[in-house]
Amino acid sequence: MKVGVIVFPGSNCDRDMQWVFQGLLGLPTRMVWHQDSDLGDLDAIVIPGGFSYGDYLRCGAIARFSPAMRSVIEAAEQGKPVLGVCNGFQILTEAGLLPGALIRNQNLHFVCDRVPVKVERSARLWTEGYAAGQVLNLPIAHGEGRYYADPDTLKQIEDKGQVLFRYEGSNPNGSWNQIAGICNDRGNVLGMMPHPERAADAALGNTDGLALFQAMTAALVSV
Ligand SMILES: N[C@@H](CCC(=O)O)C(=O)O
């Protein structure tokens, strides 16, 4: 059982992810340079936050062409859990693993804050450690986090229950339907803009994000 964290030029949350999986949960974790396409040894894949390729063109638009991404797509097709946080979410939408897009924040400002995020439902792999409707306090830090999808796609993901996280109260980036995180139809790929890895270690004073990683880990143990 092994977790892989894909590292692109410009990733900056890769070590935080490594700390959660390896340091807090005690799971073997491999840092994978984006040019490495041999991911066969991995049981779960994480695409961390950051500024891959300096966010040139659009956040995630260049990273999605990295050799590792072809293998991430294969792993997702095999049903392995794939988690993308912030820039990772952007890369997953650019790669077509998740529907919709992350566009410039409505107020055109980079937003760095801690915000209430509601868990929509208790979903296998990701949110079984939370109660439906539970409100988490999670850090956000992004310039292109406004979730957008065309009306048909939006209806489809809402109808299928693919929205797992929604901003509660305020809408910090103007996301359609206050969407903060979605999974794919099959449920094994999750992308979210808030940073649960920055709210996982008690030393940081907030462990609201930890249950997400525990749910992912529990699923791995039973693989
Ligand atoms: N580069 C992204 C996200 C930053 C991150 O992943 O923390 C943005 O500004 O939208």
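Keep in mind the model is a prediction, meaning the values are calculated, not measured.

## Description of the overall build of the protein
Thought 1: Helices and strands together make up the secondary structure of the protein, namely five helices and 11 strands.
Thought 2: Radius of gyration (C-alpha) of the protein: 16 Å, near the 17 Å computed for a compact globule of 223 residues.
Thought 3: Dimensions of the protein, computed from the C-alpha atoms along their principal axes, are close to 40 × 35 × 35 Å.
Thought 4: Counted over contacts in the protein with a minimum sequence separation of 6, partners at least 24 positions apart contribute 72%.
Thought 5: Per element, the accessible surface of the protein, about 9,300 Å² overall, is 50% carbon and sulfur.
Thought 6: Taking the 18 positively charged and 23 negatively charged side chains of the protein as two groups, their mean positions are separated by 2 Å.

## Some points on the environment of Ala131
Thought 1: Mapped onto the secondary structure, Ala131 falls in the loop between β6 (111-119) and β7 (135-142).
Thought 2: Look at Ala131 and you get partly exposed, because its relative accessible area is 43%.
Thought 3: Along the primary structure Ala131 and Gly205 are separated by 74 residues, whereas in three dimensions their C-alpha atoms are 21 Å apart.

## Concerning the site of the ligand
Thought 1: Around the ligand, the structure places 14 residues, and the nearest of them are Gly50, Asp55, Gln90, Gly143 and Glu144.
Thought 2: Between an oxygen atom of the ligand and a main-chain N or O atom of Gly50, the distance comes to 2.7 Å.
Thought 3: At 2.7 Å, a side-chain N or O of Asp55 approaches a nitrogen atom of the ligand.
Thought 4: Burial of the ligand by the protein amounts to 98% of the accessible area it has alone, namely 290 Å².

## Overview of helix α2 (residues 67-77)
Thought 1: Considered for burial, the residues of α2 that qualify are Ala68, Met69, Ser71, Val72, Ala75 and Ala76. One side of α2 carries all its buried residues, which in axial view fall inside an arc of 160 degrees. Away from its buried face, by an angle of more than 90 degrees, α2 presents the exposed residues Arg70 and Glu77.
Thought 2: Looking at the buried positions of α2, the neighbouring elements they touch are β1 (3-7), β3 (44-47), β4 (82-85), α3 (87-94) and β11 (189-192).
Thought 3: Positive phi shows up at Gly79, right after α2, with a value of about 95 degrees.

## Here's the deal with the side chain of His34
Thought 1: For His34, the position within the fold is in the loop between β2 (29-33) and β3.
Thought 2: Side chain to side chain, His34 and Ser66 meet in a polar contact 2.8 Å long.
Thought 3: Here His34 is in contact with Ile6, Val7, Phe8, Pro9, Tyr53, Ser66, Pro67 and Ala68, once residues within four sequence places are set aside.

## Here we look at the side chain of Asp201
Thought 1: Position of Asp201 relative to the elements: it lies in the loop between β11 and α5 (210-221).
Thought 2: Buried and without a salt bridge, Asp201 has Arg198 as its closest oppositely charged side chain, separated by 13 Å.
Thought 3: Filtering out sequence-adjacent residues up to four positions away, Asp201 remains in contact with Trp19, Leu24, Asn206 and Thr207.

## Things to note about the UniProt feature "active site" (unreviewed entry) in the protein
Thought 1: Sites flagged by UniProt as "active site" (unreviewed entry) map to Cys86, His195 and Glu197. In summary, the annotated positions, though distributed over 112 residues, converge in three dimensions, the widest C-alpha pair being only 10.9 Å.
Thought 2: Beyond its immediate chain neighbours, meaning those up to four positions away, Cys86 contacts Gly49, Ala141, His142, Met192, Met193 and His195.
Thought 3: Considering the arrangement of structural elements, one finds His195 in the loop between β11 and α5.
Thought 4: The residues contacting His195, other than those within four sequence positions of it, are Cys13, Gly49, Val85, Cys86, Pro139, Ile140 and Ala141.

Calculation criteria
Residues numbered from 1 in each chain as written. Predicted model: local features only at pLDDT ≥ 70, side-chain atom pairs only at ≥ 80, totals over all residues. Heavy atoms only, no water. Helix = DSSP H or I, 4+ residues; strand = E, 2+ residues; numbered from the N terminus. Rg over C-alpha atoms; globule rule 2.2 N^0.38 Å. Contact = heavy atoms within 4.5 Å. Areas by Shrake-Rupley, 256 points an atom, 1.4 Å probe, with all protein chains shown as cover. Lys, Arg positive; Asp, Glu negative; His and termini not counted. Charge placed at Lys NZ, Arg CZ, Asp CG, Glu CD. Buried < 20%, exposed > 50% of the residue type's maximum accessible area, 1.4 Å probe, protein only. Near = heavy atom within 4 Å. Polar contact = N/O pair within 3.5 Å; in protein donor to acceptor, adjacent residues only side chain to side chain. Arc of directions from axis to C-beta. Salt bridge = Lys/Arg side-chain N within 4 Å of Asp/Glu carboxyl O. UniProt positions renumbered as here; feature names shortened; annotations may be inferred.

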